[in-house]
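Residue strings, one per chain:
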Amino acid sequence: MAQLLCENLSLGYNSRTIVENLNFSVNTGDYLCIVGENGSGKSTLMKTILRLLKPLSGKIITGDGLLPDEIGYLPQQTEVQRDFPASVSEIVLSGCQSRCGKRPFYNRAEKKLAEENIKKMGIEALKKNCYRELSGGQQQRVLLARALCATQKMLLLDEPVSGLDPVVTKEMYTLIEQLHKDGITIIMISHDIEAAIKYATHILHIGKKIFFGTKQEYLSQKDSLEEDENDGHTDTIL
């Protein structure tokens, strides 16, 4: 069974439909890049997968041992979030909240997990630093370590390299690729088509035409998908 299955999904806000009849599946170990124009519904889809929004219709099913609360999430940052006055250790550890249940404290295992993920992201020297004093790349490493505290199975990443310089962008992509090689399923929203083609196993294109398939299948239809963004009809290609 797929780790994540979306069937006949319609997405939107306040009954305003953004995407209709969306069907795709993600298997354990996949690296799915979600691409498309601004406003096409990519972030709405991610929030719906995370149960932060309800689908207008259709359903999302998790399987292959994945529970809905075992999905790690790295959202796009707002200016307020970038200025958050907490230490690196505190922010990373907060990723364990879903593991605590009704406990008002973190146990030894959760603290150990946070330390392991801080080390994995190469930010041990920063763990006592205030988050808002870090560079953009350092902040993304902290948030990635936090997301890893919530899961060892699936990560959802919403434009994880947005606003980063080319050197830091490459470092972030390398980190994400290593997590994928370690067995974590990746679902990433990206405007960087070149990176999507380089790293993804599968691509979901959302726009006037919807496409889901392997990277090789996407490459064979990429030109027609881009041309279709200029006309007015919506189609689904699977």
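For the structure itself, consult the block above.
A short tour of the structure in this document, coming up. Keep in mind that this is a model prediction, so the values were computed, not measured.

Criteria and cut-off values
- Residues numbered from 1 in each chain as written.
- Predicted model: local features only at pLDDT ≥ 70, side-chain atom pairs only at ≥ 80, totals over all residues.
- Heavy atoms only, no water.
- Helix = DSSP H or I, 4+ residues; strand = E, 2+ residues; numbered from the N terminus.
- Rg over C-alpha atoms; globule rule 2.2 N^0.38 Å.
- Buried < 20%, exposed > 50% of the residue type's maximum accessible area, 1.4 Å probe, protein only.
- Pairing = 2+ DSSP bridges.
- Axes fitted to C-alpha atoms, helices over the stretch in contact; angles between N-to-C directions.
- Contact = heavy atoms within 4.5 Å.
- Parallel < 35°, antiparallel > 145°, perpendicular 65-115°, else oblique.
- Left-handed = near helix turned anticlockwise from the far one by under 90°.
- Nonpolar A, V, L, I, M, F, W, Y, C, P; charged D, E, K, R; others polar.

**Focus on the overall build of the chain**
Here is step 1 of the chain: Secondary structure summary: the chain contains 9 helices and 10 strands in total.
Here is step 2 of the chain: For 238 residues, the compact-globule formula gives about 18 Å, and the C-alpha radius of gyration of the chain, at 18 Å, lands near that figure.
Here is step 3 of the chain: By its C-alpha atoms, the chain is 55 × 40 × 35 Å across when sized along the principal axes.
Here is step 4 of the chain: Looking at the chain residue by residue over its 238 residues, the buried ones come to 48%.

**Thoughts on the sheet that holds strand β2 (residues 16-26)**
Here is step 1 of the chain: Within the open sheet, the 3 strands sit side by side as β2-β1-β4. Their pairing is antiparallel. Each of the sheet's edge strands pairs with one partner strand only, and the pair in question is β2 and β4 (57-62). Across the sheet, the axes of successive neighbouring strands diverge by a mean angle of 25°, strand direction being ignored.
Here is step 2 of the chain: In this fold helix α1 (residues 42-49) packs onto β1 (4-13), β2 and β4, with an angle of close to 120° to the strand it touches most, β1.

**Considerations on the pairing of strand β3 (residues 31-35)**
Here is step 1 of the chain: Counting buried positions along β3 yields 5 of 5 residues, so the element is predominantly enclosed.
Here is step 2 of the chain: Relative to strand β7 (residues 185-189), β3 runs parallel, the two being bridged by 4 bridges. By the bridge assignment, Y31 is partnered in β7 with I186.
Here is step 3 of the chain: Across 4 bridges, the pairing between β3 and strand β8 (residues 202-205) is parallel. Bridge pairing in β8 links C33 to I203.

**Let's talk about the packing of helix α6 (residues 136-150) against helix α7 (residues 166-181)**
Helix packing for two helices is described by the angle between their axes and how far apart those axes are.
Here is step 1 of the chain: Interhelical geometry of α6 versus α7 gives an angle of 15° and a closest axis separation of 10 Å. Relative to α7, the element α6 is oriented roughly parallel. Classified by chirality, the crossing of α7 by α6 is right-handed. Where α6 abuts α7, its residues G137, Q140, R141, L144 and L148 lie against V168, E171, M172, L175, I176 and L179.
Here is step 2 of the chain: Of the residues in the contact of α6 with α7, the class split is 7 nonpolar, 2 polar and 2 charged.

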